[in-house]
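Analysis of the macromolecular model
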Protein chains: 2
Amino acid sequence: MVTMKDVADHAGVSIATVSFVVNDTKPVTPATRERIETSMAELGYRRNAVARALASRRTRILALAYPVLERPLSTASVEFFTSAAAAASARGYHLVIWPVSNDGRELAELVGQRLVDGVLLMEVQLDDPRVEVLERSATPFALIGRTRDVTGICHVDIDFEATLHHAIDHLTDLGHRHLALVLGGKGERGYRTYGPFVRTAAAFEQAQIERDIHGRTVEVTWSDDPESLARQVFGEEGTDGPTAALVLNDHTALRLVTGARRTGRRVPGDVSILGLSAAPETGSLSDPPLTLMRAPGPELGHLGAEALIRMLEAEDPLPPRLVPCTFEAGGTTAPPPR
Amino acid sequence: MVTMKDVADHAGVSIATVSFVVNDTKPVTPATRERIETSMAELGYRRNAVARALASRRTRILALAYPVLERPLSTASVEFFTSAAAAASARGYHLVIWPVSNDGRELAELVGQRLVDGVLLMEVQLDDPRVEVLERSATPFALIGRTRDVTGICHVDIDFEATLHHAIDHLTDLGHRHLALVLGGKGERGYRTYGPFVRTAAAFEQAQIERDIHGRTVEVTWSDDPESLARQVFGEEGTDGPTAALVLNDHTALRLVTGARRTGRRVPGDVSILGLSAAPETGSLSDPPLTLMRAPGPELGHLGAEALIRMLEAEDPLPPRLVPCTFEAGGTTAPPPR
DNA sequence: CTGAAAGCGCTTACAG
DNA sequence: CTGAAAGCGCTTACAG
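None of these values were measured; they are calculated from a predicted model. What you see as residue numbers is a count from 1 along each chain, following the sequence as written. Ligands are numbered from 1 and chains lettered from A, in the order in which they are written. This being a predicted model, a pLDDT of at least 70 is required before a residue's local features are given, and a value of 80 or more before pairs of side-chain atoms are given or counted; all residues contribute to the totals for chains, interfaces and linings. Hydrogens and waters are ignored; side-chain quantities use all the structure's heavy atoms.

Quick word on the domain arrangement of chain A
All names here are of chain A. Domain boundaries shown here were taken from an automatic or database domain assignment. Domain boundaries assigned for chain A yield domain 1 (4-47), domain 2 (61-158 + 298-323) and domain 3 (160-295). Here domain 2 and domain 3 have C-alpha centroids that lie 29 Å from each other. Whether two residues are in contact is decided by their heavy atoms, any of which lying within 4.5 Å being enough. Between domain 2 and domain 3, the contact holds 17 residues from the first and 19 residues from the second. Summed over both partners, the interface of domain 2 with domain 3 comes to about 1500 Å²; 44% of that surface belongs to carbon and sulfur atoms. Whenever a carboxyl oxygen of Asp or Glu lies within 4 Å of a side-chain nitrogen of Lys or Arg, that contact is scored as a salt bridge. Applying the counting criterion to the domain 2 and domain 3 interface returns one salt bridge. Its salt-bridge partner being Arg 294, residue Glu 79 comes within 3.7 Å of it at the nearest N-O pair. Any N or O atom pair separated by 3.5 Å or less is treated as a polar contact, with the protein-specific requirement of one donor-capable and one acceptor-capable atom, and with residues adjacent in sequence counted only for side-chain atom pairs. The interface formed by domain 2 and domain 3 includes five residue pairs in polar contact (both at pLDDT 80 or more). Summed over both partners, the accessible area lost on bringing two parts together, with a 1.4 Å probe, is the buried area.

Some thoughts on the sheet that holds strand β9 (residues 272-278) of chain A
All names here are of chain A. The strand order across the open sheet built from six strands is β7-β6-β8-β9-β10-β12, with neighbouring strands paired in mixed fashion. Looking at which strands have only one partner, the edges of the open sheet turn out to be β7 (214-220) and β12 (326-328). Taken pair by pair, the neighbouring strands of this sheet meet at an average axis angle of 20°, ignoring direction. As paired elements, strand β10 (residues 291-294) and β12 share three bridges and run antiparallel to each other. Bridge pairing links Leu 292 to Glu 328 in β12. Angles here are taken between N-to-C directions and fall from 0 to 180 degrees, while the axes themselves are lines fitted to C-alpha atoms, restricted in helices to the stretch in contact. Secondary structure elements are defined from DSSP: runs of H or I of at least 4 residues count as helices, runs of E of at least 2 residues count as strands, and each element is numbered from the N terminus. Those strands touched by helix α8 (residues 160-174) are β6 (178-184), β8 (244-248), β9, β10 and β12, and its axis lies near 160° from that of β9. The sheet contacts of helix α10 (residues 226-234) involve β6, β7, β8 and β9, and relative to β7 the element is tilted by about 150°. Here, strands pair whenever DSSP counts at least two bridges between them.

Side note on unusual backbone geometry
With the exception of glycine, most residues fall at negative phi, and the peptide bonds are largely trans. For the bond from Val267(A) to Pro268(A), the omega torsion is 10°, close enough to zero to count as cis. Mapped onto the secondary structure, Pro268(A) falls in the loop between α11 (250-262) and β9. For Arg338(A), which is not glycine, the phi torsion reads 65° and is therefore positive. Notably, Arg57(B) is not glycine yet its phi reads approximately 60°, a positive angle. Tracing the chain through its elements places Arg57(B) in the loop between α4 (49-56) and β1 (61-67). A 1.4 Å probe rolled over the protein chains alone gives each residue an accessible area, and that area as a share of the maximum for its type sets the label: buried under 20%, exposed over 50%, partly exposed in between. Judged by its relative accessible area of 71%, Arg57(B) falls in the exposed class.

Concerning helix α2 (residues 15-23) of chain A
All names here are of chain A. When we look at burial in α2, the residues that qualify are Thr 17, Val 18 and Val 21. The arc that holds the buried residues of α2, viewed along the axis, is 100°, so those residues lie on one side. Buried residues in α2 make contact with α1 (4-11) and α3 (30-43). Just past α2, the residue Asp 24 takes up positive phi, approximately 55°. Note: the arc covers the axis-to-C-beta directions of the helix.

Digging into the relation of the copies chain A and chain B
Residues reaching a pLDDT of at least 70 in both copies supply the C-alpha atoms on which the copies are superposed by least squares. In the superposition of chain A on chain B (RMSD 0.0 Å, axial shift 0.0 Å), the rotation amounts to 180°. Given the turn and translation reported, the copies of this chain are related as if by a two-fold rotation axis. When C-alpha positions in chain A are compared against the rotation axis, the closest is assigned to Val96(A), at 2.0 Å. Comparing interface residues between copies, 100% of those in chain A also sit at the interface in chain B, which points to an isologous, same-surface contact.

Thoughts on the interface of chain A and chain B
Chain A puts 45 residues into the contact, and the matching count from chain B is 45 residues. Here chain A is connected to chain B by six salt bridges. A salt bridge links Asp287(A) to Arg262(B); its shortest N-O distance comes to 2.5 Å.

Observations concerning the protein's contact with DNA strand D
Nearness is judged by heavy atoms alone; a residue qualifies as near a molecule or strand once a single heavy atom is within 4 Å of it. Taken together, 28 residues surround DNA strand D, and among them Ser19(A), Thr17(B), Pro27(B), Thr29(B) and Thr32(B) come closest. Near the protein, within 4 Å, the atoms of DNA strand D are sugar or phosphate in 75% of cases. Residue Ala51(A) places a main-chain N or O atom 3.5 Å away from a base nitrogen belonging to DNA strand D. Within the residue set of the surface near DNA strand D, elements represented by two or more residues are α2 and α4 (49-56) of chain A together with α2 (15-23) and α4 of chain B.

Description of the protein's contact with DNA strand C
Neighbouring residues of DNA strand C: 28 residues in total, closest Thr17(A), Pro27(A), Thr29(A), Thr32(A) and Ser19(B). The protein-proximal atoms of DNA strand C, defined as those within 4 Å of the protein, are 75% sugar or phosphate. At 3.0 Å, a backbone N or O of Ser14(A) approaches a phosphate oxygen of DNA strand C. For DNA strand C, a phosphate oxygen lies 3.4 Å from a polar atom in the backbone of Asn48(B).

As for the environment of Ala278(B)
All names here are of chain B. If you trace the backbone, Ala 278 turns up in strand β9 (residues 272-278). In the structure, Ala 278 is positioned 48 residues away from Thr 326 in sequence and 9.7 Å away in space, judged by C-alpha atoms. Ignoring any residue separated from it by four or fewer positions in sequence, one finds Ala 278 in contact with Asp 250, Leu 292, Met 293, Arg 294 and Ala 295.

A few points about α4(B)
Those residues of α4(B) not exposed but buried are Ala49(B), Val50(B) and Ala53(B). Looking straight down α4(B), one finds that the buried residues subtend no more than 100° of arc, so they occupy a single side. Where α4(B) is buried, its residues meet α4 of chain A. The backbone nitrogen of Val50(B) lies 2.9 Å from a side-chain oxygen of the residue at the head of α4(B), namely Asn48(B). The positive-phi residue at the C-terminal boundary of α4(B) is Arg57(B), with phi of around 60°.

Below, the structure written as C-alpha cells:
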C-alpha cells in the first residue's frame, strides 16, 4: 500500500503538506501542489479511510438502522436503502446497514463501537426505545418516520394527512360518499403504534367529522385471503357497504382487487379501490392497474441522509419535512354505481 | 469516550493486558481478567472499531456492490441486502452498500480507500469489468452470480439449469409439450450478457434437444402491455401456440397472467404460466396465485457473505454453490386443454 | 507557505 | 502471565 509518507518522500515535502493538498485544507504553492499531485498520480496514492477517520475523529460512515421483521420490508422501505446510499455516496459518505432489534439493545452496542458518525432510523414507532438509545449516546441521528413527539428531532416522513385528503378528494370528486379505510398487518408486533397506521387512521376520523363522507375503518391481517378481505371491506354480497376503499398497503390493495372480483363485484364498476402510499411498480400488477398514491421513498431516503450529513458537517440544517404521496391514475377508481 | 487507557488505569494494568482480555487473544490470570472486566463494566467501555481496524489492518467491514440500474432492483436482489447484512452481523462484521457503475471506475475508487476487507458483487455480467478491478487491487471478493469463467473465483448463484428442468418437469407431467420461455428486459443495457438470461436460455435450448418438448423463446421489454405480451407469447387468438409459458421475471409473469385473460385465454384452463426465479410474495399477487420457482435470495446473500468472511478469517473455504429455486404450487398451471 | 511532532485508540511482536 | 513500546496512516495545532 502506498502511503502519504511515500508520496511525501517522492515529492520531497512533508506529509503535512501532502495532507494539505489531498484535503485542500491549507494554501499550498502551485509549484509544490503540482509536484505532489504528480507524485500521487505516479504512485497511485489513495487516502486511507480508516487512518483518516481515526485522526480526524470522523468516519464519514452513516448507518441505516432497520428492524428485523417477520415480513419482508416493503418496497418503499427498500427504496430508502438505495436512495440513502446514493445520497451518502454523493457527499463522500458510506452507508452501512444495521439490522437491529426494536428494543434498542443491539443499536446501543453498535453505536458504542463508534464506527459511524450518525444514524438514520427506519420504521419508527410512536415511542421508540431506539431513539432514547441514540439520544443517550449523543449520536447524531435523523428519523425516516416520526415518534409521538418530534420537537427538536431531525426527521422526514410521509405527510399522511395530505395524502389521505388528496385520495379522499379524488373519490368524492367521483361521487363517492361511503368510504372504507383498510389497514393491513393487524396483529403484527407494533401494529398499534406504527406511525403510518395511527396517523392515517386519525386523519380518516377527522375527515369524517369535517367532510361530507361516511367512513369505516377495517383492520385486516396478512393472512386474510382475497374473498375474506373483500367481505370485510365491502360487506356481504348484495348488502349496502362502502363504494370505495382506501388501502394502506400495496399487497393488501392488490389482493382486495382480486377479492372484489371473486365476490362478484366489478372494479371499478361496482367498487373503487385506491392504494395509499404504494410503490409505483405496484400499479401495473393488478387488472385493471391500481390507482394509487405513490410513496416518496426515494425522496425520503435522500432527504434523511442529506439532513443527517448537514448536521455532521455543521451546515445549514434541513428543516423537518413531510412529503405527501403523489396521485397516480390507474383503472381501479370510477364513479359509484347508479 | 472511555478508552482502553482509562480501563487500564482503573484496573491497574497495562493497555496490552486489557487488549488481551477484550479480544481473548492471550492467557490472562482469572484475577486480573476479573478486575479488568469489572472496570470495563463500571466505565462502560466499548472497543473503538476504527482504532482497532487501523492497528489490526482489518476493518471487519464488507461491501455489497450493486449496479445503479434504470429499473428498481428485483425483490430477490433486495433479499441479498438484508440477508448479507444479517450474515455479516452474526460474524461481527458490518456491511456497507455501494452503488457503483458497471465499468468498475467507482469500484476501483472505493476499494482504494481500504475501508472494506472484502467485496460482495451483485448482478454479475458474463464479462464484468468490476471483477478485473477487484483482482487487480487484490481485494478478496465473492460473486452472487457468475462470470463466464469462474475457475478459482469464489461465487454462489442460482442453479438455473436445475431450476429450469424442475419447471419443465412440472409442465410435462401435466401433459404440456409446447412451451414458451419468456425473458423480460429486452433492450436493457447488459441484457444479452446477463447471466440469468443467458444461462436459462441455453438450458432451454438444450432441453429441446434432449427432451420431448417443442419450445419457443420470447424476449419482451418492460414496457410491453399485458395484451401485447400475451400475443407475443401465445400467438394471436385462436392460433395454435405454446400451451405453457415459463417466465423469467416476476412482474412480467404477473402481467402475462393479466394479458392472457384479457385476450380471452383462461388461466390455467387454456394456458399455464409459471414464474421462474420469483420472490415468494409474488405468488399471491395474481389471480389465480402464480405457480413459481422461488428464488433462493436469502440463502445466496447468506452464503455469499459467509464465503467471503471465511476467506478473510482464513477458515475452511466454502466451495462454490449453485442453489436451485424451489417449486411453489400456485393456481396458474394445469393440464393443457383437450 | 511548509515542517516537526503529537496524537487519534488500538494491536502486536518482543522482553521479562 | 504482564508490560513497555513501536506502529497502523493519517490530521492538526503550533512554530517558523
